[in-house]
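Structural description and commentary
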Amino acid sequence: MENLGLKFHHFGLAVHAPAEAFAYLAALGYREGAMEYDQLQRVNVAMRHHDEMPDVEVIWPGDGPSPIDRMIKGRDSLIYHLCYSAPDADASLAAIEAAGLQIHTVAAPCPAILFGGLAVSFHLIGGVGMIELIHGVLPKA
């Protein structure tokens with residue numbers, strides 16, 4: 001991933017309600033991180049951290065329509081994205097294209113409250129699925 005300028009950050013887990021996901025992650029030894037309602041993305045988000053396993057972002061709908069509604073319709077939960085931090089997101093996106101991978105932007109960069117206001121964007125990668133890019137670098141919790 002270094003040749004794409006990406007550093008893995010977390011898995012994104014969409015749920016209808018977070019209680020069972022929180023209980024499972026706690027049983028695995030995950031500790032609580034930041035939890036917010038993101039008005040711009042219209043979802044509730046909560047990070048869970050572990051010293052030996054990848055971080056997990058738990059995402060669930062707010063009061064109104066949210067971008068994850070269709071993803072979780074008819075299922076309890078879904079790991080639906082891989083997230084990477086990118087010091088230069090534009091260069092990373094260009095590198096993905098230059099590697100011959102199909103990429104389609106699903107959501108343009110938008111500030112994310114959970115990541116201190118750094119912009120995030122979402123992209124579909126052919127044969128891979130959804131990725132989230134944090135436009136900048138955050139320290140691992």
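Anyway, here's the lowdown on the structure attached to this text. (Residues numbered from 1 in each chain as written. Predicted model: local features only at pLDDT ≥ 70, side-chain atom pairs only at ≥ 80, totals over all residues. Heavy atoms only, no water.)

**Looking at the sheet that holds strand 5 (residues 77–86)**
Taken in spatial order, the 8 strands of this open sheet run 2-3-4-1-5-8-7-6, and their pairing is mixed. The sheet terminates laterally at strand 2 (31–38) and strand 6 (103–111), the two strands that pair on one side only. Averaged over all adjacent pairs, the angle separating strand axes in this sheet is 25°, with direction ignored. Pairing geometry for strand 2 and strand 3 (residues 43–49), over 6 bridges, is antiparallel. Note on strand 3: the bridge partner recorded for Met35 is Ala46. Across the sheet, helix 1 (residues 19–27) lies against strand 1 (7–15), strand 2, strand 3 and strand 4 (55–61), angled at about 170° from strand 4, the strand it touches most. (Pairing = 2+ DSSP bridges. Helix = DSSP H or I, 4+ residues; strand = E, 2+ residues; numbered from the N terminus. Axes fitted to C-alpha atoms, helices over the stretch in contact; angles between N-to-C directions. Contact = heavy atoms within 4.5 Å.)

**Concerning the side chain of Asn44**
Mapped onto the secondary structure, Asn44 falls in strand 3. The class for Asn44 is buried, based on a relative accessible area of 16%. The contact partners of Asn44, leaving out residues within four places of it in the chain, are Glu36, Tyr37, Val58, Ile59, Trp60, Pro61 and Gly62. (Buried < 20%, exposed > 50% of the residue type's maximum accessible area, 1.4 Å probe, protein only.)

**Here we look at the pattern of salt bridges**
Applying the stated rule across the entire model yields 1 salt bridge. Asp51 is paired through a salt bridge with Arg31; the nearest N and O atoms lie 3.2 Å apart. Here Asp51, found in the loop between strand 3 and strand 4, pairs with Arg31, found in strand 2; they are 20 residues apart in sequence, far enough to count as distant. What makes Arg31 partly exposed here is its relative accessible area of 35%. (Salt bridge = Lys/Arg side-chain N within 4 Å of Asp/Glu carboxyl O.)

**Points about the pairing of strand 4**
Most of strand 4 is tucked away: 7 of the 7 residues are buried. Where burial is concerned, the two faces of strand 4 agree: the one with Asp55, Glu57, Ile59 and Pro61 and the one with Val56, Val58 and Trp60 are both buried. As paired elements, strand 1 and strand 4 share 5 bridges and run parallel to each other. The residue bridging His10 from the neighbouring strand is Asp55, located in strand 4.

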